[in-house]
Amino acid sequence: MSPLASRVASDVAPGLASGPQGPAALRPLLTTVLDALRTGAAARRGPLPTGGPATVAAHIHAAVGDPLPQHGDPDALRTLVHAFAAGAADPADPLCTAHLHCPPLAVATAADLAASALNPSLDSWDQAPAASELETLVTAALAKEVYGKPADALVTTGGTESNQLALLLARELNGNVQLVCAENAHHSLHRATWLLGLPEPVTVPAPTGTLDPAALDEILTKLPGPLIVAATAGTTDAGLIDPLSAIADVCHTHAARLHIDAAYGGALLFSDRHRSRLDGLTRAHTVTLDLHKLGWQPIAAGLIAVQDPHDLRVLEHHADYLNADDDTEAGLPDLLGRSLRTTRRPDILKTAVTLKTLGRQGLGTLVDQVCAHAREFAHLVASHPGFELYAPPTISTVLFRPTHATDDAVADIRRTLLTQGHAVLGRARPDGRLWLKATLLNPHTTAGDLAALLKLVEGHTPR
């Protein structure tokens, strides 16, 4: 190519995010993105856009226009990011409390930019030399945090993939296993049995919201093996934790494999004050963790910890262009057995940066703060004559409802606040009645924010 042609091509071609010119190409675009995030949030003026689904859809249609125009729009980045932010549910708003949807830390989000810019793929070492070694170090450290001894962990997209992997390992190691879980178990476990061709799960009643070890023992006594029991450390409805040690005892008696879904509650490990609530976790064969819940990571940041690293051998897979035998024998790490996915982004970088920046003490402080916020909000509810508290919070979830309100009224309150964009509350039916759910994951929430949330609900309660 002639110098002139080369110069014309560089003038026309869009800039790349990496390479020597990457930072220079990104810098003005980042300014555009940050400005659009600011203006979008200002336009939204709350935790959620006003008007409901139809209004949001209309705004997005107006901003996008033709999604694939004949000629490009140089202002598309600003326009679409502004519309995206204006129409977002912002988990950093203290009145956005519906789900296990955390506000990500700025340092983790900045690290995620580097991962996107360099775009390594963790399916072969030659695509991700540093990323593969970083993942090895950090997953080993987190697995040791779970088990208190050398173990292993794989990075996943979240609890659904981790739970599926737990059942896959059990099936490959023990045969056509029967899953036994409580009514409080996450829906992904039932879906995983369907995907893996396993028998329909046997469900243990959980009238108090947690798995009853005595009922589990009775059921396991009647079932032929092989068996896998799934316990939960942090239910999605009320944040409850099953009696893990007692469940582990029952599993040991019946030679059943134990999986603990700690997608929500696993981060209590970082807190000296709260980690004892996870006593018994070390006895599980596999443990699900989600650091995009109580870990303040951008999605996705899931893991499955495995007590015996040899269990992961069943995931080994060969593709000559990715892990040829002679390359492996020559010392190139084989990454295909580290996931069911092939192309895989380096989600570990943001987690590594967070762990190194905050340390166990810093993360533990954040955990302690949100748990304290939940206790404070529960106290506000319990001391208010117009509200009923379901139970004292176990982690950072509070269930409450207006006293004497019907289920229809509770549902209407939630939808009204959503449509107005004033507050984002979840819903749960732990006892057959409908409860409003506040999942407090923002460590910057204030006492005034909590009072304002309760006041909003009070203001929309029928008299």
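Residues numbered from 1 in each chain as written. Predicted model: local features only at pLDDT ≥ 70, side-chain atom pairs only at ≥ 80, totals over all residues. Heavy atoms only, no water.

K.L.:
Looking at this model, I keep getting lost on the overall build of the protein chain. Mind explaining?
P.N.:
Counting its regular elements, the protein chain contains 15 helices and 11 strands. Against the 2.2 N^0.38 benchmark of 23 Å for 463 residues, the protein chain shows a C-alpha radius of gyration of 24 Å, consistent with a compact globule. Dimensions of the protein chain, computed from C-alpha atoms along their principal axes, come out at roughly 80 × 65 × 40 Å. The proportion of buried residues among the 463 residues of the protein chain is 48%. For the protein chain, the share of sequence-separated contacts (at least 6 apart) that also reach a separation of at least 24 residues comes to 71%. Of the roughly 22000 Å² of accessible surface on the protein chain, 58% is carried by carbon and sulfur atoms. Charge centroids of the protein chain, computed over 35 positive and 47 negative side chains, lie 7 Å from each other. (Helix = DSSP H or I, 4+ residues; strand = E, 2+ residues; numbered from the N terminus. Rg over C-alpha atoms; globule rule 2.2 N^0.38 Å. Buried < 20%, exposed > 50% of the residue type's maximum accessible area, 1.4 Å probe, protein only. Contact = heavy atoms within 4.5 Å. Areas by Shrake-Rupley, 256 points an atom, 1.4 Å probe, with all protein chains shown as cover. Lys, Arg positive; Asp, Glu negative; His and termini not counted. Charge placed at Lys NZ, Arg CZ, Asp CG, Glu CD.)

K.L.:
Please explain the packing of helix α5 (residues 106-118) against helix α13 (residues 348-382) as it appears in this structure.
P.N.:
Put simply, α5 and α13 touch, their axes get as near as 8 Å, and they point 145 degrees apart. Crossing of α5 over α13 shows right-handed handedness. In this structure, α5 uses Val107, Ala108, Ala111, Asp112, Ala114 and Ala115 to contact α13, whose residues at the interface are Leu349, Lys350, Val353, Thr354 and Thr357. Partitioning the contact of α5 with α13 into residue classes produces 7 nonpolar, 2 polar and 2 charged. (Axes fitted to C-alpha atoms, helices over the stretch in contact; angles between N-to-C directions. Left-handed = near helix turned anticlockwise from the far one by under 90°. Nonpolar A, V, L, I, M, F, W, Y, C, P; charged D, E, K, R; others polar.)

K.L.:
Which parts of the structure should I look at to understand the packing of aromatic side chains?
P.N.:
The geometry of two aromatic rings is summed up by the distance between their centres and the angle between their planes. Evaluation of the coordinates by the stated rule reveals 3 aromatic pairs. Aromatic side chains tyrosine 390 and tryptophan 435 sit 5.3 Å apart centroid to centroid with 70 degrees between the ring planes, which places their arrangement in the edge-to-face category. Separated by 45 residues along the polypeptide, tyrosine 390 in the loop between β8 (387-389) and β9 (397-402) and tryptophan 435 in strand β11 (residues 435-439) bring together distant segments of the chain. The exposure class assigned to tyrosine 390 is partly exposed, which follows from its relative accessible area of 24%. Put simply, the rings of Phe377, Phe387 and Phe400 touch in pairs and so form one group of aromatic residues. In this arrangement the basic side chain of arginine 401 is found over the ring face of tryptophan 435, its NZ or CZ atom lying 5.8 Å from the centre. (Phe/Tyr/Trp six-rings, centres within 6.5 Å; stacked < 30°, edge-to-face > 60°. Lys NZ or Arg CZ within 6 Å of the ring centre and 35° of its normal.)

K.L.:
Mind showing me how you'd approach helix α8 (residues 187-195) here?
P.N.:
Think of an α-helix as 3.6 residues a turn; residues three or four steps apart then line up on the same face. Among all positions in α8, only Ser188, Leu189, Ala192 and Thr193 are buried. Looking down the long axis of α8, one finds its buried residues gathered within 145 degrees of arc, a one-sided arrangement. In α8, the exposed residues that point more than 90 degrees away from the buried face are His187 and Trp194. Elements that come into contact with the buried residues of α8 comprise α7 (159-174), β2 (178-182), β4 (227-232) and β5 (257-262). (Arc of directions from axis to C-beta.)

K.L.:
Looking at this model, I keep getting lost on the sheet that holds strand β10 (residues 426-428). Mind explaining?
P.N.:
Strands in a sheet are paired, the pairing made by backbone hydrogen bonds, and the direction either parallel or antiparallel. What the 4 strands build is an open sheet, ordered β8-β9-β11-β10; its pairing is antiparallel. Two strands bound the open sheet, and with one partner strand each, they are β8 and β10. Averaged over all pairs of adjacent strands, the angle between their axes in this sheet comes to 40 degrees, without regard to strand direction. The pairing of β10 with β11 spans 3 bridges and is antiparallel. For arginine 427, the partnering residue across the bridge sits in β11 and is leucine 436. α13 contacts β8, β9 and β11 of the sheet and is inclined by roughly 15 degrees relative to β9. (Pairing = 2+ DSSP bridges.)

K.L.:
In this structure, what is going on with the confidence of the model for the protein chain? I would like to understand it.
P.N.:
A low pLDDT score tells you not to read the predicted coordinates there in detail. Averaged over all residues, the pLDDT of the protein chain is 96; the fraction at 70 or higher stands at 97%. In the model, residues 1-10 has pLDDT below 50 throughout and makes 2 contacts with residues more than four positions away in sequence or in other chains. (pLDDT = per-residue confidence, 0-100.)

K.L.:
Please explain a nonpolar patch on the surface as it appears in this structure.
P.N.:
The grouping of Ile60, Val64 and Leu80 at the surface amounts to a nonpolar patch, some 200 Å² of accessible area in total. Within the secondary structure layout, valine 64 lies in helix α3 (residues 52-64). Residue classification places valine 64 among the partly exposed positions, given a relative accessible area of 33%. (Patch = residues over 30% accessible without salt bridge, like charges linked within 9 Å, V, L, I, M, F, W, Y side chains within 5 Å. Salt bridge = Lys/Arg side-chain N within 4 Å of Asp/Glu carboxyl O.)

K.L.:
I tried to follow the pairing of β5 on my own but got confused; where do I start?
P.N.:
Sheet faces and side chains relate simply in a regular strand, where the side chains alternate between the two faces. Of all 6 residues in β5, 6 are buried, a share of seventy percent or more. Of the two faces of β5, both are covered, the one formed by Arg257, His259 and Asp261 as well as the one formed by Leu258, Ile260 and Ala262. A crossover links β4 with its parallel partner β5, the connecting element being helix α10 (residues 244-253), and its sense is right-handed. Summarising the sheet, β5 and strand β6 (residues 286-290) pair through 4 bridges and their orientation is parallel. The residue of β6 that forms the bridge with histidine 259 is threonine 286. (Right-handed = clockwise from strand over helix to strand, strands pointing away.)

K.L.:
Explain the environment of serine 339 to me, please; I cannot follow it from the model alone.
P.N.:
Residue placement: serine 339 occurs in the loop between α12 (325-329) and α13. The exposure class assigned to serine 339 is buried, which follows from its relative accessible area of 6%. With 23 residues separating them in the primary sequence, serine 339 and glutamate 316 have C-alpha atoms 9.1 Å apart. Once you skip the residues sitting within four places of it in the chain, serine 339 turns out to touch Glu161 and Arg344. A distance of 2.9 Å separates a polar side-chain atom of serine 339 from the backbone nitrogen of arginine 341. (Polar contact = N/O pair within 3.5 Å; in protein donor to acceptor, adjacent residues only side chain to side chain.)

K.L.:
I tried to follow the side chain of arginine 44 on my own but got confused; where do I start?
P.N.:
Positionally, arginine 44 belongs in helix α2 (residues 22-44). For arginine 44, a relative accessible area of 9% puts it in the buried group. A polar contact of 2.6 Å, which involves the side chain of arginine 44, links it to the backbone oxygen of glycine 46. The contacts of arginine 44, once residues within four sequence positions are left out, are Pro49, Ala85, Ala86, Ala88 and Asp90.

K.L.:
What exactly am I supposed to notice about the sheet that holds strand β7 (residues 302-306) here?
P.N.:
Read across the open sheet, the 7 strands follow the order β1-β7-β6-β5-β4-β2-β3; overall the sheet is mixed. On the outer flanks of this sheet lie β1 (152-156) and β3 (202-204), each paired with one strand and no other. When strand polarity is set aside, the average angle formed by the axes of neighbouring strands in this sheet is 20 degrees. Where β4 meets β5, 5 bridges bridge the pair, whose relative direction is parallel. Across the sheet, the residue bridging to alanine 230 is histidine 259, located in β5. Running at roughly 175 degrees to β5, α7 makes contact with β1, β2, β4, β5, β6 and β7 of the sheet. In the packing of helix α9 (residues 213-222) onto the sheet, the strands contacted are β2, β3 and β4, and the crossing angle to β3 comes to about 155 degrees.

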